[in-house]
Amino acid sequence: MDIPGAPTALPLKYWLSEELHVGSESPAERTVRVVEQRGQLIYQYPMVITDIITETDLAKTYIFKNVGDRRIFEYHPGQDVKLYFDTPLKKGDFRFYSIAGSPTRTDGFFELMIKSEGGTFAPYFHQLAKVGDLVIIEGPYGRFLRKALNMIAEGRLKTVVFLAASSGIVPFKCFIEYATDKKLGTSIHLFYVNRTRKDFIYRRLMPRLLDEYKDLHLLVNFTREHDVSKDEILQDLFGGDDRNGRVVAVLGRHIQFDDIREFVPDWEGAYYGICGGARFIAGDREKGVDGMLQKLEKGGVSRTMVEIDSFGTG
């Protein structure tokens, strides 16, 4: 449906390609479009890239500002958006990305973290998108972490465990900022899995998040860091400060449920969020490799206390 005062909805392809000139610095005539999908309002905004921050060799944070300085849609940590951009292969192409910035910190700005591991979208976006370019953001989509937020609001949840691989950290970074600003008081245990420390997204930000939220506990898991000590990892990433035992490292192997049981005192009463690729979440049945879902199940965690958000390469 179209809300009063909103521009008349045009076919999306036309709106993107001909009126807004996505990927260029041309001014936009339209500032919002609203449609209803399955009872939920979905918004489309033209946004301008205002900053690009390199996180790793493959990952960049993009900061957008809404054209016309209007407030963006309301959303909760864990939700996704569609990002539209004209690539050399397809005009008006899009991919889903988790919202990176907390809804408490928008102020007309919007944040996405995009990792390029191949595919037909992210590599072109990394290469071509620049400050001043126009894109379309559409959302919000999804209900990831909604149940946990409701339980916290109702006083029924005191501990959350987040299991992230690679760019799967994004929705949890959003949640941590939200918890900080809202003073939730929830105990947050973040397990962050990467191959090496060079793949650590939010490397510069994480120490600040730990300092701002005193009940944030971080276990970093570098599966291919073999010839290095845990002290060296802590020195490199956190200046040697383990925040009174709130930061630990597991090196040269994959985390197991015993690591969760040891690191999370209230693991039996916790709510679990998993975000990463399909193999991280569900494992590889043919190779007999368990994913996080199987590890939690075998450890005695009820499936009703687990949410997942899976992504692929783009």
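Source: prediction; values computed, not measured.

(A) The nonpolar core, seen in detail. Grouped together as the largest cluster of nonpolar side chains are 46 residues, with contacts concentrated most on Phe175, Ile188, Leu190, Met206 and Phe238. Here this core gets six residues from one element, more than from any other, and that element is helix α4 (residues 170-182). Apart from residues lying up to four places away in sequence, Ile188 is in contact with Val160, Phe162, Phe175, Ile176, Ala179, Tyr213, Asp215, Leu216 and His217. Listed in part, the 24 residues of the second largest apolar core include Val34, Phe64, Tyr97 and Leu112.

(B) Representation of the side chain of Glu55 within the structure. Mapped onto the elements, Glu55 comes out in the loop between β2 (40-54) and β3 (59-66). With residues near it in sequence (within four places) discarded, Glu55 still touches Lys60, Thr61, Met113, Phe200, Ile201, Tyr202 and Arg204.

(C) Main features of the sheet that holds strand β8 (residues 159-165). Spatially, the six strands line up as an open sheet ordered β11-β10-β9-β8-β12-β13, and their pairing is parallel. The open sheet has two edge strands, β11 (247-251) and β13 (306-310), and neither has a second partner. Looking at each pair of strands side by side, their axes are set apart by 15° on average, direction ignored. Note that strand β10 (residues 216-222) and β11 share five bridges and pair parallel. Within β11, the position partnered with Leu219 by the bridge is Val248. With respect to the sheet, helix α6 (residues 230-238) is in contact with β10 and β11, its orientation differing from that of β11 by roughly 125°.

(D) View of the pattern of salt bridges. For the structure on display, the rule yields 22 salt bridges. As a salt-bridge pair, Arg105 and Glu212 come within 3.7 Å of each other at their nearest N and O atoms. Highlighted residues: Arg105 in the loop between β5 (93-98) and β6 (109-115) and Glu212 in helix α5 (residues 206-212), separated in sequence by 107 residues. Asp258 serves as the salt-bridge partner of Arg261, at 2.5 Å between the closest nitrogen and oxygen. Taken together, the positions of Arg261 and Asp258, both in helix α7 (residues 257-263) and three residues apart, correspond to about one turn of that helix. A residue is classified by how much of its surface remains accessible, and Asp258, at 52% relative accessible area, is exposed.

(E) The arrangement of unusual backbone geometry in detail. Here the bond from Gly139 into Pro140 is cis, since omega is 5°, no more than 30 degrees from zero. Structurally, Pro140 is set in strand β7 (residues 134-141). Positive phi values are uncommon outside glycine, yet Leu145 reaches one of about 75°. Within the secondary structure, Leu145 sits in the loop between β7 and α3 (146-153). When its relative accessible area of 1% is taken as the criterion, Leu145 is described as buried. Of note in the backbone geometry, Lys183 takes a positive phi value of approximately 50° without being a glycine. One can find Lys183 in the loop between α4 and β9 (187-194). The exposure class assigned to Lys183 is exposed, which follows from its relative accessible area of 69%.

About the cut-offs
- Residues numbered from 1 in each chain as written.
- Predicted model: local features only at pLDDT ≥ 70, side-chain atom pairs only at ≥ 80, totals over all residues.
- Heavy atoms only, no water.
- Core = buried A, V, L, I, M, F, W, Y, C linked by side-chain atoms within 4.5 Å.
- Buried < 20%, exposed > 50% of the residue type's maximum accessible area, 1.4 Å probe, protein only.
- Helix = DSSP H or I, 4+ residues; strand = E, 2+ residues; numbered from the N terminus.
- Contact = heavy atoms within 4.5 Å.
- Pairing = 2+ DSSP bridges.
- Axes fitted to C-alpha atoms, helices over the stretch in contact; angles between N-to-C directions.
- Salt bridge = Lys/Arg side-chain N within 4 Å of Asp/Glu carboxyl O.

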